[in-house]
Amino acid sequence: MKKNLLTILILALLIVNLILTGIIMLSTISANKKTVALVNSIATVLNLEAGPAATDEQAAEETVSMADTEMYDIADSMTIALKKGADGVDHYALVEVSLSMNTKDKGYKDYAATLATKESLIKSEIIDVIGGYTKEEVLANKSGIEKEILDRIQQMFDSQFIYDIAFRSINCQ
């Protein structure tokens, strides 16, 4: 008789345990859904992705195929006076620049035909950016300078049809 009573008691405790486990799981799942919703809304506000983050420049470079790319070479090489470094000597950079344009972008239709007439404005932006660096900074940070020039040109045209800047050559003296 004691064994039956003990078995019934264990069975009752097992059922109570099962019910409490179910209640805990349901409350945990609903709290987890609320947490996921909160994280997603914060990520949306911050414009983050769950996967590896890609910058706008990387996204533009990845989506523009070679068939949709047109190059514009600024014909003249530019001699730019650099900012004086620690040595106090005047240095100069001889730069040749190429622009990569997306032919599918709406800005391409608006500006590509008149790009040659706006070349002096583009040169001015390039001179402003590179002239703000010392010889050592130019040699150490070419990609950063290209990015800064690209940002300024995109702001100037208010378009991203120019999606990349490349130095064909850059020599510092």
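Conventions we followed
- Residues numbered from 1 in each chain as written.
- Predicted model: local features only at pLDDT ≥ 70, side-chain atom pairs only at ≥ 80, totals over all residues.
- Heavy atoms only, no water.
- Core = buried A, V, L, I, M, F, W, Y, C linked by side-chain atoms within 4.5 Å.
- Buried < 20%, exposed > 50% of the residue type's maximum accessible area, 1.4 Å probe, protein only.
- Helix = DSSP H or I, 4+ residues; strand = E, 2+ residues; numbered from the N terminus.
- Contact = heavy atoms within 4.5 Å.
- Expected span 1.5 Å × (residues − 1).
- Arc of directions from axis to C-beta.
- Lys, Arg positive; Asp, Glu negative; His and termini not counted.
- Salt bridge = Lys/Arg side-chain N within 4 Å of Asp/Glu carboxyl O.
- Polar contact = N/O pair within 3.5 Å; in protein donor to acceptor, adjacent residues only side chain to side chain.

**Regarding the nonpolar core**
Core analysis: the largest hydrophobic core is formed by 29 residues, its most contacted members being V97, L99, I126, I130, I149 and I162. Of all the elements in the fold, those that place two or more residues in this core are β2 (78–81), β3 (92–102), α4 (119–131), α6 (142–157) and β4 (162–172). With residues near it in sequence (within four places) discarded, V97 still touches Y72, D73, I74, M78, I126, I165, A166, F167 and R168.

**Topic: α4**
Its 13 residues place the ends of α4 18 Å apart at the C-alpha level, agreeing with the 18 Å of an ideal helix rising 1.5 Å per residue. Regarding α4, the residues found buried are E119, I122, K123, E125, I126, V129 and I130. Buried residues in α4, looked at end-on, bunch into an arc of 160°, giving them a common side. Among the structural elements, β1 (69–73), β2, β3, α5 (135–140), α6 and β4 are those in contact with the buried residues of α4.

**A few points about the side chain of D105**
With respect to the element layout, D105 can be found in the loop between β3 and α3 (106–111). Buried D105, no salt bridge; nearest opposite-charge side chain is K106, N-O distance 7.0 Å. A polar atom in the side chain of D105 sits 3.4 Å from the side chain of S159. Discounting residues that sit within four places of it in the chain, D105 has contacts with S159, Q160 and F161.

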